[in-house]
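# Structure at a glance
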Amino acid sequence: MTGDSMVLSARRVRKQFGALVALDDVDLDVAEGSVVAIIGPSGSGKSTLARCIHQLERIDAGAIYLDGELLGFEHKSGKLLPLRDRDLSRQRAQMGMVFQQFNLFSHYTILENLIEGPTRVLGVPRKEAEEKARALLARVRLSDKVDAYPRHLSGGQQQRAAIARALANEPRLMLFDEPTSALDPELVGEVLEVMQDLAAGGMTMVIVTHEMSFARDVADRIVFMEAGRIVKEGTPKEIFGAPPESRLGRFLATSG
Ligand code: ADP
Ligand code: MG
(Lines give C-alpha, C1' and ligand atoms only; values in the text may rest on other atoms or scores of the structure.)
(Ligands and ions follow the chains in the order given, each with its own letter.)
Protein backbone atom coordinates (compact mmCIF):
# COMPACT_ATOMS: atom_id res chain seq x y z
CA MET A 1 0.00 0.00 0.00
CA THR A 2 1.53 3.34 -0.97
CA GLY A 3 1.22 6.29 1.33
CA ASP A 4 0.01 8.73 -1.27
CA SER A 5 -3.47 7.21 -1.69
CA MET A 6 -4.03 7.84 2.01
CA VAL A 7 -5.37 10.93 3.74
CA LEU A 8 -2.84 10.31 6.50
CA SER A 9 0.37 8.30 6.49
CA ALA A 10 2.88 8.07 9.29
CA ARG A 11 6.21 6.44 8.49
CA ARG A 12 8.62 5.22 11.16
CA VAL A 13 7.66 8.06 13.46
CA ARG A 14 9.82 8.46 16.53
CA LYS A 15 9.28 10.82 19.44
CA GLN A 16 11.36 11.01 22.60
CA PHE A 17 10.95 13.02 25.77
CA GLY A 18 14.52 13.01 27.04
CA ALA A 19 15.48 9.35 27.36
CA LEU A 20 11.86 8.18 27.20
CA VAL A 21 10.85 6.81 23.80
CA ALA A 22 7.17 7.77 23.53
CA LEU A 23 6.80 6.71 19.89
CA ASP A 24 9.03 4.02 18.48
CA ASP A 25 8.91 3.56 14.69
CA VAL A 26 5.19 4.05 14.37
CA ASP A 27 3.58 3.41 10.96
CA LEU A 28 -0.02 4.35 10.39
CA ASP A 29 -2.20 4.65 7.29
CA VAL A 30 -5.65 6.19 7.30
CA ALA A 31 -7.66 5.82 4.10
CA GLU A 32 -10.12 8.44 2.93
CA GLY A 33 -13.46 8.13 4.70
CA SER A 34 -12.22 5.53 7.15
CA VAL A 35 -12.27 5.51 10.94
CA VAL A 36 -9.22 4.30 12.84
CA ALA A 37 -9.50 3.76 16.59
CA ILE A 38 -6.37 3.78 18.74
CA ILE A 39 -6.52 1.79 21.95
CA GLY A 40 -3.95 0.79 24.54
CA PRO A 41 -2.96 1.20 28.16
CA SER A 42 -2.25 4.54 29.79
CA GLY A 43 1.18 5.85 28.83
CA SER A 44 1.42 3.79 25.64
CA GLY A 45 1.80 6.88 23.42
CA LYS A 46 -1.73 7.34 22.07
CA SER A 47 -1.96 11.06 22.88
CA THR A 48 1.60 11.65 21.73
CA LEU A 49 0.76 10.11 18.37
CA ALA A 50 -2.36 12.28 18.01
CA ARG A 51 -0.39 15.37 19.04
CA CYS A 52 2.42 14.59 16.60
CA ILE A 53 -0.09 14.15 13.78
CA HIS A 54 -1.66 17.51 14.66
CA GLN A 55 1.80 19.11 14.84
CA LEU A 56 1.49 20.01 18.50
CA GLU A 57 4.71 18.05 18.99
CA ARG A 58 7.63 17.89 16.59
CA ILE A 59 8.73 14.37 15.72
CA ASP A 60 12.38 13.33 16.10
CA ALA A 61 12.51 10.97 13.12
CA GLY A 62 10.27 9.57 10.42
CA ALA A 63 7.62 11.47 8.50
CA ILE A 64 3.91 12.24 8.57
CA TYR A 65 2.00 13.06 5.40
CA LEU A 66 -1.45 14.57 4.97
CA ASP A 67 -2.78 13.98 1.45
CA GLY A 68 0.80 13.24 0.49
CA GLU A 69 2.13 16.54 1.84
CA LEU A 70 4.92 16.32 4.40
CA LEU A 71 3.81 17.85 7.71
CA GLY A 72 5.93 20.10 9.88
CA PHE A 73 9.03 20.20 7.67
CA GLU A 74 10.14 21.41 4.28
CA HIS A 75 13.00 20.50 2.00
CA LYS A 76 15.11 23.59 1.39
CA SER A 77 18.49 23.75 -0.31
CA GLY A 78 19.01 20.06 0.23
CA LYS A 79 18.11 20.22 3.92
CA LEU A 80 15.06 19.22 5.92
CA LEU A 81 13.98 22.27 7.93
CA PRO A 82 11.11 22.86 10.38
CA LEU A 83 8.25 24.66 8.71
CA ARG A 84 7.68 28.35 9.41
CA ASP A 85 4.74 29.23 11.70
CA ARG A 86 2.47 30.49 8.93
CA ASP A 87 2.84 27.30 6.88
CA LEU A 88 2.46 25.20 9.99
CA SER A 89 -0.84 26.97 10.86
CA ARG A 90 -2.11 26.30 7.37
CA GLN A 91 -1.28 22.60 7.67
CA ARG A 92 -2.77 22.36 11.15
CA ALA A 93 -6.02 23.97 9.97
CA GLN A 94 -6.52 20.97 7.68
CA MET A 95 -6.94 18.81 10.77
CA GLY A 96 -9.55 19.20 13.48
CA MET A 97 -8.69 17.99 16.95
CA VAL A 98 -10.98 17.32 19.88
CA PHE A 99 -9.45 16.80 23.32
CA GLN A 100 -10.61 15.23 26.55
CA GLN A 101 -10.96 18.70 28.03
CA PHE A 102 -13.31 20.61 25.82
CA ASN A 103 -11.02 23.65 25.48
CA LEU A 104 -13.46 26.12 24.09
CA PHE A 105 -12.54 29.78 24.51
CA SER A 106 -14.39 30.62 27.74
CA HIS A 107 -14.76 34.35 27.02
CA TYR A 108 -16.30 33.73 23.56
CA THR A 109 -19.86 32.67 22.84
CA ILE A 110 -20.35 29.30 21.16
CA LEU A 111 -20.89 31.02 17.80
CA GLU A 112 -17.74 33.14 18.25
CA ASN A 113 -15.80 29.99 19.11
CA LEU A 114 -16.70 28.55 15.73
CA ILE A 115 -16.00 31.71 13.74
CA GLU A 116 -12.59 32.49 15.16
CA GLY A 117 -10.56 29.88 13.27
CA PRO A 118 -12.03 30.27 9.79
CA THR A 119 -11.92 34.09 9.87
CA ARG A 120 -8.48 34.47 11.47
CA VAL A 121 -6.51 31.52 10.07
CA LEU A 122 -8.27 30.93 6.75
CA GLY A 123 -9.50 34.46 5.97
CA VAL A 124 -13.12 33.42 5.46
CA PRO A 125 -15.48 36.47 5.43
CA ARG A 126 -17.33 36.80 8.72
CA LYS A 127 -20.82 36.46 7.27
CA GLU A 128 -19.91 33.26 5.47
CA ALA A 129 -18.18 31.86 8.56
CA GLU A 130 -21.23 32.68 10.65
CA GLU A 131 -23.64 30.95 8.28
CA LYS A 132 -21.48 27.86 8.28
CA ALA A 133 -21.13 27.96 12.06
CA ARG A 134 -24.90 28.04 12.51
CA ALA A 135 -25.30 25.07 10.18
CA LEU A 136 -22.63 23.12 12.09
CA LEU A 137 -24.25 23.92 15.42
CA ALA A 138 -27.57 22.67 14.06
CA ARG A 139 -25.82 19.48 12.98
CA VAL A 140 -24.61 18.85 16.56
CA ARG A 141 -28.04 19.93 17.87
CA LEU A 142 -26.88 23.13 19.59
CA SER A 143 -28.90 25.72 17.67
CA ASP A 144 -30.38 26.99 20.94
CA LYS A 145 -26.87 27.60 22.41
CA VAL A 146 -25.45 29.81 19.68
CA ASP A 147 -25.16 32.89 21.91
CA ALA A 148 -24.40 31.09 25.17
CA TYR A 149 -20.98 30.99 26.81
CA PRO A 150 -19.27 27.63 27.36
CA ARG A 151 -19.82 27.73 31.14
CA HIS A 152 -23.57 27.66 30.56
CA LEU A 153 -23.38 24.35 28.69
CA SER A 154 -23.21 20.82 30.06
CA GLY A 155 -20.02 18.85 29.43
CA GLY A 156 -21.70 16.93 26.63
CA GLN A 157 -22.90 20.14 24.99
CA GLN A 158 -19.44 21.70 25.32
CA GLN A 159 -17.86 18.70 23.70
CA ARG A 160 -20.37 18.77 20.85
CA ALA A 161 -19.56 22.48 20.41
CA ALA A 162 -15.84 21.59 20.36
CA ILE A 163 -16.51 19.05 17.62
CA ALA A 164 -18.44 21.66 15.63
CA ARG A 165 -15.58 24.11 16.08
CA ALA A 166 -13.08 21.54 14.83
CA LEU A 167 -15.31 21.01 11.78
CA ALA A 168 -15.54 24.72 11.01
CA ASN A 169 -12.25 24.69 9.08
CA GLU A 170 -13.58 21.86 6.87
CA PRO A 171 -10.72 19.58 7.90
CA ARG A 172 -9.50 16.65 5.84
CA LEU A 173 -9.06 14.65 9.03
CA MET A 174 -10.61 14.70 12.48
CA LEU A 175 -8.54 13.65 15.48
CA PHE A 176 -10.14 12.77 18.80
CA ASP A 177 -8.19 12.15 21.99
CA GLU A 178 -10.48 10.43 24.49
CA PRO A 179 -13.29 12.89 23.82
CA THR A 180 -15.67 11.30 26.32
CA SER A 181 -13.28 10.50 29.20
CA ALA A 182 -14.02 13.68 31.15
CA LEU A 183 -17.79 13.39 30.81
CA ASP A 184 -20.36 12.19 33.30
CA PRO A 185 -21.53 8.77 32.11
CA GLU A 186 -25.00 10.00 31.15
CA LEU A 187 -23.46 12.55 28.72
CA VAL A 188 -21.16 10.14 26.87
CA GLY A 189 -23.84 8.86 24.49
CA GLU A 190 -24.75 12.22 22.95
CA VAL A 191 -21.10 12.86 22.03
CA LEU A 192 -20.53 9.38 20.61
CA GLU A 193 -23.73 9.83 18.59
CA VAL A 194 -22.35 12.99 16.96
CA MET A 195 -19.10 11.16 16.19
CA GLN A 196 -21.02 8.24 14.72
CA ASP A 197 -22.97 10.65 12.48
CA LEU A 198 -19.70 12.16 11.30
CA ALA A 199 -18.28 8.75 10.49
CA ALA A 200 -21.45 7.80 8.62
CA GLY A 201 -21.12 11.03 6.64
CA GLY A 202 -17.74 9.89 5.36
CA MET A 203 -15.39 11.94 7.55
CA THR A 204 -11.89 10.51 7.88
CA MET A 205 -11.27 10.05 11.61
CA VAL A 206 -8.58 8.95 14.08
CA ILE A 207 -10.04 8.32 17.50
CA VAL A 208 -8.10 7.58 20.67
CA THR A 209 -10.67 5.94 22.90
CA HIS A 210 -11.43 3.76 25.89
CA GLU A 211 -14.95 3.16 24.59
CA MET A 212 -14.46 -0.38 23.36
CA SER A 213 -18.00 -0.98 22.14
CA PHE A 214 -17.86 2.29 20.19
CA ALA A 215 -14.54 1.25 18.61
CA ARG A 216 -16.02 -2.11 17.75
CA ASP A 217 -19.13 -0.58 16.13
CA VAL A 218 -17.70 2.46 14.37
CA ALA A 219 -14.04 1.82 13.53
CA ASP A 220 -12.94 0.27 10.26
CA ARG A 221 -9.58 -0.53 11.81
CA ILE A 222 -8.32 -0.66 15.36
CA VAL A 223 -4.72 -0.05 16.36
CA PHE A 224 -3.42 -1.39 19.68
CA MET A 225 -0.46 0.49 21.16
CA GLU A 226 1.84 -0.53 23.95
CA ALA A 227 5.05 1.18 25.12
CA GLY A 228 5.23 3.53 22.13
CA ARG A 229 4.69 0.85 19.50
CA ILE A 230 1.81 -0.38 17.44
CA VAL A 231 1.63 -3.96 18.64
CA LYS A 232 -1.39 -5.06 16.65
CA GLU A 233 -3.68 -3.61 14.03
CA GLY A 234 -6.76 -5.07 12.40
CA THR A 235 -10.48 -4.99 11.83
CA PRO A 236 -12.68 -4.89 14.95
CA LYS A 237 -13.36 -8.58 14.38
CA GLU A 238 -9.65 -9.40 14.31
CA ILE A 239 -8.86 -7.22 17.32
CA PHE A 240 -11.68 -8.48 19.52
CA GLY A 241 -10.88 -12.03 18.48
CA ALA A 242 -7.41 -11.79 20.03
CA PRO A 243 -6.42 -14.81 22.14
CA PRO A 244 -7.21 -14.08 25.81
CA GLU A 245 -3.64 -14.87 26.85
CA SER A 246 -2.09 -12.37 24.39
CA ARG A 247 -1.14 -8.86 25.53
CA LEU A 248 -4.05 -7.45 23.54
CA GLY A 249 -6.41 -10.06 24.95
CA ARG A 250 -5.37 -9.20 28.49
CA PHE A 251 -5.79 -5.48 27.78
CA LEU A 252 -9.28 -6.05 26.38
CA ALA A 253 -10.25 -8.18 29.38
CA THR A 254 -9.47 -5.27 31.72
CA SER A 255 -11.09 -2.62 29.52
CA GLY A 256 -14.69 -3.79 29.58
P1 ADP B 1 -1.31 7.76 26.47
O2 ADP B 1 -2.03 8.85 25.78
O3 ADP B 1 -1.33 6.46 25.72
O4 ADP B 1 -1.75 7.57 27.89
P5 ADP B 1 0.95 9.56 26.25
O6 ADP B 1 1.15 9.72 24.79
O7 ADP B 1 0.28 10.65 26.97
O8 ADP B 1 0.24 8.15 26.54
O9 ADP B 1 2.37 9.35 26.92
C10 ADP B 1 3.32 8.43 26.45
C11 ADP B 1 4.56 8.53 27.30
O12 ADP B 1 5.19 9.79 27.08
C13 ADP B 1 4.25 8.47 28.79
O14 ADP B 1 5.32 7.79 29.44
C15 ADP B 1 4.23 9.92 29.19
O16 ADP B 1 4.56 10.08 30.55
C17 ADP B 1 5.27 10.53 28.28
N18 ADP B 1 5.03 11.93 27.96
C19 ADP B 1 3.97 12.42 27.26
N20 ADP B 1 4.07 13.75 27.10
C21 ADP B 1 5.23 14.12 27.70
C22 ADP B 1 5.90 15.38 27.87
N23 ADP B 1 5.41 16.51 27.36
N24 ADP B 1 7.06 15.37 28.54
C25 ADP B 1 7.58 14.23 29.05
N26 ADP B 1 7.01 13.02 28.92
C27 ADP B 1 5.84 12.96 28.25
MG1 MG C 1 -3.63 10.03 26.44
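Residues numbered from 1 in each chain as written. Chains lettered and ligands numbered in written order. Predicted model: local features only at pLDDT ≥ 70, side-chain atom pairs only at ≥ 80, totals over all residues. Heavy atoms only, no water.

The chain is annotated in an unreviewed UniProt entry as Polar amino acid transport system ATP-binding protein of Devosia enhydra. The Sequence similarities (unreviewed entry) comment attached to the chain in UniProt states, word for word, "Belongs to the ABC transporter superfamily." (UniProt positions renumbered as here; feature names shortened; annotations may be inferred.)

### Quick look at the overall build of the chain
Helix and strand content of the chain: nine helices and twelve strands. Relative to the globule expectation of 18 Å for 256 residues, the C-alpha radius of gyration of the chain, 18 Å, shows essentially globular dimensions. Oriented by its inertia axes, the alpha-carbon framework of the chain measures out at about 55 × 50 × 35 Å. Within the chain, the proportion of its 256 residues that are buried is 50%. Restricting the contact set of the chain to residue pairs at least 6 apart, pairs at least 24 apart contribute 64%. Accessible area for the chain stands at about 12,300 Å²; split by element, carbon and sulfur atoms hold 48% of it. Within the chain, the 35 negative side-chain charges are centred at a point lying 4 Å from the centre of the 32 positive side-chain charges. (Helix = DSSP H or I, 4+ residues; strand = E, 2+ residues; numbered from the N terminus. Rg over C-alpha atoms; globule rule 2.2 N^0.38 Å. Buried < 20%, exposed > 50% of the residue type's maximum accessible area, 1.4 Å probe, protein only. Contact = heavy atoms within 4.5 Å. Areas by Shrake-Rupley, 256 points an atom, 1.4 Å probe, with all protein chains shown as cover. Lys, Arg positive; Asp, Glu negative; His and termini not counted. Charge placed at Lys NZ, Arg CZ, Asp CG, Glu CD.)

### Observations concerning the sheet that holds strand E2 (residues 20–31)
One open sheet accounts for four strands, arranged E2-E1-E4-E5; its pairing is antiparallel. With one partner strand each, in any of the chains shown, E2 and strand E5 (69–70) form the two edges of the open sheet. Pairing of strand E1 (residues 6–17) with strand E4 (residues 61–66), which is carried by five bridges, proceeds in the antiparallel orientation. In the strand pairing of E4, Arg-14 is matched with Ala-61. (Pairing = 2+ DSSP bridges.)

### Some remarks on the UniProt feature "domain: ABC transporter" (unreviewed entry) in the chain
In this structure's numbering, the residues bearing the UniProt feature "domain: ABC transporter" (unreviewed entry) are residues 8–252. Across residues 8–252 one finds 36% helix and 28% strand; the C-alpha atoms that close the span lie 27 Å apart.

### Some details on the side chain of Glu-57
Positionally, Glu-57 belongs in the loop between helix H1 (46–53) and E4. Separated by 3.2 Å, the side chains of Glu-57 and Arg-51 make a polar contact. Ignoring sequence-local partners within four residues, the contact set of Glu-57 consists of Lys-15, Phe-17, Arg-51 and Cys-52. (Polar contact = N/O pair within 3.5 Å; in protein donor to acceptor, adjacent residues only side chain to side chain.)

### Details of the packing of aromatic side chains
Within the structure shown, the criterion is met by two aromatic pairs. The ring of Phe-73 has Arg-58 lying over it, and the distance from NZ or CZ to the ring centre is 5.6 Å. Its guanidinium or amino end placed over the ring of Phe-105, Arg-165 lies 4.8 Å from that ring's centre, counting from NZ or CZ. (Phe/Tyr/Trp six-rings, centres within 6.5 Å; stacked < 30°, edge-to-face > 60°. Lys NZ or Arg CZ within 6 Å of the ring centre and 35° of its normal.)

### Observations concerning the site of ligand 1
Near ligand 1 you find Phe-17, Leu-20, Ala-22, Pro-41, Ser-42, Gly-43, Ser-44, Gly-45, Lys-46, Ser-47 and Thr-48, and these make up its full shell. At 3.0 Å from an oxygen atom of ligand 1 is found a main-chain nitrogen or oxygen belonging to Gly-45. In this structure, Lys-46 approaches ligand 1 through a side-chain N or O atom, which is 2.7 Å from an oxygen atom. Within the complex, 59% of the 560 Å² of free accessible area of ligand 1 lies under protein. When residues of the shell around ligand 1 are assigned to their parent elements, the largest contribution, three residues, is made by H1. Its residues assigned to classes, the shell around ligand 1 shows four nonpolar, six polar and one charged. (Near = heavy atom within 4 Å. Nonpolar A, V, L, I, M, F, W, Y, C, P; charged D, E, K, R; others polar.)

### Examining the packing of helix H3 (residues 110–120) against helix H4 (residues 126–139)
Running from N to C, H3 and H4 cross one another at 130°; their axes reach a closest spacing of 9 Å. The orientation of H3 relative to H4 falls into the category oblique. Remark: the crossing between H3 and H4 carries right-handed chirality. Across the interface between the two elements, Ile-110, Leu-111, Leu-114, Ile-115, Pro-118 and Thr-119 from H3 touch Arg-126, Ala-129, Glu-130, Ala-133, Arg-134, Leu-136 and Leu-137 from H4. In the contact of H3 with H4, the residues fall into nine nonpolar, one polar and three charged. (Axes fitted to C-alpha atoms, helices over the stretch in contact; angles between N-to-C directions. Parallel < 35°, antiparallel > 145°, perpendicular 65-115°, else oblique. Left-handed = near helix turned anticlockwise from the far one by under 90°.)

### Focus on the layout of surface pockets
Its volume calculated, the largest pocket comes out at about 610 Å³. Around the largest pocket, the lining is made up of 26 residues, and of these His-54, Arg-92, Glu-116, Arg-165 and Asn-169 lie nearest the centre. Breaking the lining of the largest pocket down by element, the ones donating at least two residues are helix H2 (85–92), strand E8 (95–98), H3 and helix H5 (155–167). Tallying contributions element by element places H3 first for the lining of the largest pocket, with six residues. In terms of residue class, the lining of the largest pocket is built from 14 nonpolar, eight polar and four charged. (1 Å grid on protein atoms, 1.4 Å probe; cavity = no way out; pocket = protein on both sides within 12 Å on 5 of 7 lines; lining within 4 Å. Points joined across faces, edges and corners; volume = space filled by probe spheres on them.)

### What to know about the pattern of salt bridges
Applying the stated rule across the entire model yields 20 salt bridges. Between Arg-84 and Asp-87 there is a salt bridge, with the nearest N and O atoms lying 2.9 Å from each other. If you follow the salt bridges from partner to partner, you end up with Arg-11, Asp-27 and Asp-29 in one network. (Salt bridge = Lys/Arg side-chain N within 4 Å of Asp/Glu carboxyl O.)

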